[in-house]
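What the coordinates show
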Amino acid sequence: MIEAQHITVRAGTRQLLSDVSVAVRPGRLTVIIGPNGAGKSTLMKTVTGEIRPAAGQVRLDGEVIQRIGAGRLAERRAVLPQASSLSFPFTVHEVVRLGVSRLRDPAAVRERVAAALGRVDLGGFGARFFQELSGGEQQRVHLARVLCQVWQPVEDGLPNYLFLDEPTASLDLRHQILILDEARRFARAGGGVVAILHDLNLAALYGDHLVVIAKGSVAAEGPSQQVLTDAMLRSVFGVSLRVGSAPADRPFVLPHAIEAA
Amino acid sequence: MALTMTTAASAGDRRGRARVVLALLGVALVVTVLLSVSIGPSGLSTSEVWSLLGDAAAGRFDAIGSTSHVILFDIRLPRTVLGALAGAALAVAGAMLQGLFRNPLADPGLVGVSSGAALGAVLVIVLGSALITPIVGALRIGALPVAAFFGGFVTTLVLYAIATRQGRTSVGTMLLAGIAIGALAGAVTSYMVFRSDDLQLRELSFWSMGSLGGATWLKIAIAAPPVLLVLALSPFIARGLDALVLGESEARHLGIDVERLKTLVIFAVALAVGAAVAFCGVIGFVGIIVPHVLRLAIGPEHRTLLPGSALLGAALLIGADIVCRTIVAPAELPIGIVTAVLGAPVFLSILLRRRSVIDL
């Protein structure tokens, strides 16, 4: 389990997070939601060990995360960045291979890369240049890389963790579902997943556990049925919307109804 | 079916091709070395060179002391070996610097690292003899690369500190800061030239454009260890530099100790450039041409790019030196002219093809 205990993060005089405690449990998909600038990414960066909190601690299985070396940490958790550009002409295969760990045999590495690309619906994209792909395709290449890094959700009895910062941001509907299915599969198999999502419907559909961040604190957390309420939408997002009621006069699409073809 | 599966899985994997290219580069380097020791103004014939080399290989040194022997083993061979060392060092330093700055335009010569190293060496030449006269020859020759190393090290550190904020490198800042640092180092160097005596002046004039002339086995013995150390380090740096291409946080998430990697790279670049500049002067553009051409041929992965750069850099500089020695024989062209003529168009072509690399 990864636990953030009473973490406070400051940038200059501004308090980005104040006294936040959250737990990332293996076996479930934790979804972080909240308005822009609430501190979602800061929370993720702190929990992954990238930012050292001014107060409080982040622990992986009881061990303070800053004390774990980069190499050992990388074997336990992988992080999907929001967007990442490349300055050199790497092929898709080469980018994904950067994530492959623990495999030495070149043939096995190649198979792993191909399998990961298949999972993100990019089979046959290996020889394409990363820079020439669309934003959504690049995002999926990175997901394949991240999947390679923690290929087994549970290894030697220890769960691995996936952190996804807005994994669906530049994806079309079909691929949003495909990616979140992949994340859910990882969690069902015993790994821990944390995803920042903006789409509350996707959050409700996929999140086993929702954490609502507002103004640097946890505003609510729990299963979606408890968390997604009219009152929360009004107080956190500042919108007067009704949860669970469809607009009467125009069509709408819910991911719940879509079959990933 | 099994075959098509393998092909599909290996699509985009350029390591097989890279291995072939590395082998070809090895052959090319051997050929250039043989050419280099066979060509010269002294009229030592190619067949004579071959028989001398054959004798040496067989352990026979009958010809020791003869003019031919001296020309081959004390002039041409050290010159060639020094060229190989300097070429490999500059090309590998260029590839590493470009990986560190995540930009194909970072060249030790362009961003002022070489100027910093040259300043260190010039200070030793001018002040060294004034302050600590008489310095023993060997000690002075040893002090040169040390001073050049520190010059290069300080310059790279300053440059990185100025150009990189929160893990993002601004290429515009990098190039402009490099120009400023280069100009500053150049000014101090010019002042040293101004106050130097005739003997020092002769030695100094050679820094401006670079030369492989004056190579001796002693210089090689001093330059080789740092260069070989950098080459030996490169496999350990390679994966980190690949990961760094994604960005600093991504590299950290992939398990790279980024701070240690950066320190190691800056150290290696300073070591390589310092060794090259101390004995060959400032030779520009090798660090740009070589990695750029190789990226086109084998892709940007550092585990093949770095050894490839060493081989091609060595071959390129030896080749350029052959041109310098023959084109206006018996006079010699400064080697920096040849590398600049080759390199400046490469630099411009990178700019034209990918304007986005300069996000000023």
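Predicted model only: the values in this text are computed from it and were never measured. Each residue is numbered by its place in its chain's sequence as written, counting from 1. Both sets of labels track the order of writing: A upward for chains, 1 upward for ligands. Local features in this predicted model are restricted to residues of pLDDT 70 or higher, and side-chain atom pairs are both shown and tallied only at a pLDDT of 80 or more, whereas totals for entire chains, interfaces and linings draw on every residue. Side-chain figures throughout are based on the complete set of non-hydrogen atoms in the structure, without hydrogens or water.

Bringing the overall build of chain A into the picture now. What counts as a helix is a DSSP run of H or I of at least four residues, what counts as a strand is a run of E of at least two, and both are numbered from the N terminus. When helices and strands are tallied, chain A shows nine helices and twelve strands. Relative to the compact-globule value of 18 Å for 261 residues, chain A shows a C-alpha radius of gyration of 19 Å, a close match. Here's how the labels work: a residue is buried when its accessible area is under 20% of the maximum for its type, exposed when over 50%, partly exposed in between, all with a 1.4 Å probe on protein chains only. Residues counted as buried form 50% of the 261 residues belonging to chain A. The contact criterion used is simple: two residues touch if any of their non-hydrogen atoms lie within 4.5 Å. Within chain A, counting contacts between residues at least 6 apart in sequence, those at least 24 apart form 68% of the total. Surface accessibility in these figures is a Shrake-Rupley result with a 1.4 Å probe; residues are shielded only by whichever protein chains are displayed. Element-wise, carbon and sulfur atoms account for 49% of the exposed surface of chain A, whose accessible area totals about 11,400 Å². Values of the radius of gyration come from C-alpha atoms, whereas the globule rule sets the reference at 2.2 Å times the count of residues to the power 0.38.

At the interface, 29 residues of chain B touch 32 residues of chain A. Throughout, the accessible surface (probe 1.4 Å) given up by two parts as they are put together, summed over both, is called the buried area. Here chain B and chain A share an interface that buries about 2,600 Å² over both sides, 57% of which is from carbon and sulfur atoms. By convention in these notes, a salt bridge is any Lys or Arg side-chain nitrogen within 4 Å of a carboxyl oxygen on Asp or Glu. Remark: the boundary between chain B and chain A carries four salt bridges. Its salt-bridge partner being Asp13(B), residue Arg110(A) comes within 3.3 Å of it at the nearest N-O pair. Distance and chemistry together define a polar contact, namely a pair of N or O atoms within 3.5 Å, with one atom able to donate a hydrogen and the other to accept it when in protein, and with adjacent residues in sequence counting only for side-chain atoms on both sides. At the boundary of chain B with chain A, the tally comes to 13 residue pairs in polar contact (both at pLDDT 80 or more). Elements with a minimum of two residues in the side of chain B that touches chain A: α1 (2–10), α4 (67–101), α9 (217–244) and α10 (248–253) of chain B. Three classes are used: nonpolar for Ala, Val, Leu, Ile, Met, Phe, Trp, Tyr, Cys and Pro, charged for Asp, Glu, Lys and Arg, and polar for all others, with Gly counted as polar. Across the side of chain B that touches chain A, the residue classes break down as nine nonpolar, eight polar and twelve charged.

What follows concerns the nonpolar core. Take the buried Ala, Val, Leu, Ile, Met, Phe, Trp, Tyr and Cys residues and link them wherever side-chain atoms come within 4.5 Å; each set so joined is a nonpolar core. Formed by 148 residues in total, the largest nonpolar core has its most connected members in Val96(A), Leu162(A), Met96(B) and Phe101(B). One finds Ile32(A), Val47(A), Ile68(A) and Val211(A) within the second-largest nonpolar core, a separate group that totals 25 residues.

Right, let's talk about the sheet that holds strand β1 (residues 2–11) of chain A for a bit. All names here are of chain A. Strand pairing is assigned whenever DSSP identifies at least 2 bridges connecting the two strands. Ordered in space as β2-β1-β4-β5, the four strands form an open sheet in which the pairing is antiparallel. A single partner strand is all that each edge strand has here, and the edge strands are β2 (14–24) and β5 (63–64). To obtain an axis, a line is fitted to C-alpha atoms, over the contacting stretch when the element is a helix, and the angle between two such axes runs from 0 to 180 degrees between their N-to-C directions. Strands β1, β2 and β4 (55–60) of the sheet are contacted by helix α1 (residues 40–47), whose axis makes an angle of about 60° with β2.

This part is about the pairing of strand β11 (residues 209–214) of chain A. All names here are of chain A. The buried count for β11 comes to six of six residues, which makes it a mostly enclosed element. Of the two faces of β11, the one carrying His 209, Val 211 and Ile 213 and the one carrying Leu 210, Val 212 and Ala 214 are both buried. Where β11 meets strand β12 (residues 217–222), five bridges bridge the pair, whose relative direction is antiparallel. Considered in β12, the bridge of Ile 213 is made with Val 218. In this antiparallel pair of consecutive strands, β11 and β12, the connection spans two residues, and Lys 215 shows a positive phi of 50°.

Attention now moves to the environment of Thr189(B). All names here are of chain B. Mapped onto the elements of the fold, Thr 189 is located in helix α7 (residues 171–194). A relative accessible area of 16% places Thr 189 in the buried class. For the pair Thr 189 and Gly 65, spaced 124 residues apart in sequence, the C-alpha to C-alpha distance is 40 Å. Among residues more than four places away in sequence, those in contact with Thr 189 are Leu 119 and Val 122. At 2.7 Å, the side chain of Thr 189 and the backbone oxygen of Ala 185 are in polar contact.

Next up on the list: the side chain of Asp13(B). Here Asp13(B) is to be found in the loop between α1 and α2 (15–38). Assessed through its relative accessible area of 17%, Asp13(B) is described here as buried. At 3.3 Å, the side chain of Asp13(B) and the side chain of Arg110(A) are in polar contact. At a separation of 3.1 Å, a polar atom in the side chain of Asp13(B) contacts the main-chain amide nitrogen of Arg15(B). Excluding residues that lie within four positions of it along the chain, Asp13(B) makes contacts with His93(A), Arg97(A) and Arg110(A).

With that out of the way, let us pick up the UniProt feature "domain: ABC transporter" (unreviewed entry) in chain A. Those residues carrying the UniProt feature "domain: ABC transporter" (unreviewed entry) are residues 2–240 of chain A in this numbering. Spanning residues 2–240 of chain A, this segment combines 36% helix with 27% strand, and its end C-alpha atoms are found 35 Å apart. UniProt positions are given in the numbering used here, feature names are shortened, and annotations may be inferred rather than shown by experiment.

Another point: α9(B). The span you would expect from a helix comes to 1.5 Å times its residue count less one. In a regular helix each residue adds 1.5 Å, so 28 residues correspond to 40 Å; α9(B) covers 38 Å between its end C-alpha atoms and thus fits that length. The reported bend at a residue is simply the angle between two axes, fitted to the 7 residues ending at it and to the 7 residues beginning with it. A maximum bend of about 45° is found in α9(B) at Phe236(B).

What follows covers the pairing of β1(A). Residues and elements named next belong to chain A. Across seven bridges, the pairing between β1 and β2 is antiparallel. Its bridge partner being in β2, Arg 10 is matched across the sheet by Gln 15. Remark: two residues form the turn of the hairpin made by β1 and β2, two consecutive strands paired antiparallel; Gly 12 in that turn has positive phi of roughly 65°. Bridge count between β1 and β4: five bridges; the pairing is antiparallel. Counterpart to Gln 5 in the pairing with β4 is Gln 57.

In this section: the packing of aromatic side chains. Here a Phe, Tyr or Trp ring, Trp counted by its six-membered ring, pairs with any other such ring whose centre lies within 6.5 Å, and the pair is stacked when the planes are under 30 degrees apart, edge-to-face when over 60, and tilted otherwise. If you walk through the whole model with that rule in mind, you get six aromatic pairs over all chains. Ring plane angle 80° and centroid distance 5.6 Å describe the contact between Phe149(B) and Phe267(B), whose orientation is recorded as edge-to-face. Taken as a pair, Phe149(B) in helix α6 (residues 137–163) and Phe267(B) in helix α11 (residues 258–280) lie far apart in primary sequence, 118 residues in all. Taking the relative accessible area as the measure of exposure, Phe149(B) reaches 12% and is therefore buried. Ring pairs connect the aromatic residues Phe149(B), Phe150(B), Phe153(B) and Phe267(B), which therefore count as one cluster. Working rule: Lys NZ or Arg CZ, within 6 Å of ring centre, within 35 degrees of ring normal, means a charge sits over the ring. It is Arg119(A) that lies over the ring of Trp151(A); its NZ or CZ is 4.4 Å from the centre.

Once that is clear, we can look at the sheet that holds strand β6 (residues 77–80) of chain A. Residues and elements named next belong to chain A. What the six strands build is an open sheet, ordered β6-β9-β10-β3-β11-β12; its pairing is mixed. Here the strands that pair on one side only, and so sit at the sheet edges, are β6 and β12. Averaged over all pairs of adjacent strands, the angle between their axes in this sheet comes to 15°, without regard to strand direction. Of the pairings in the sheet, the one linking strand β9 (residues 161–165) to strand β10 (residues 192–196) comprises five bridges and is parallel in character. Opposite Phe 163, over in β10, you have Val 194 as the bridge partner. Sitting on the sheet, helix α9 (residues 230–237) is in contact with β3 (29–33), β11 and β12, with an inclination near 35° to β11.

Turning our eyes to something else, we now look at the pattern of salt bridges. Considering all chains together, one arrives at 19 salt bridges over all chains under this definition. The partner of Glu182(A) in a salt bridge is Arg185(A), and the shortest N-O contact between them spans 2.8 Å. A residue pair is termed a helical-turn pair when its members lie 3 or 4 positions apart in one helix, as Glu182(A) and Arg185(A) do in helix α6 (residues 173–188) at three residues. Counted as one network, the salt bridges with shared partners bring together Arg97(A), Arg110(A), Asp13(B), Arg15(B) and Glu301(B).

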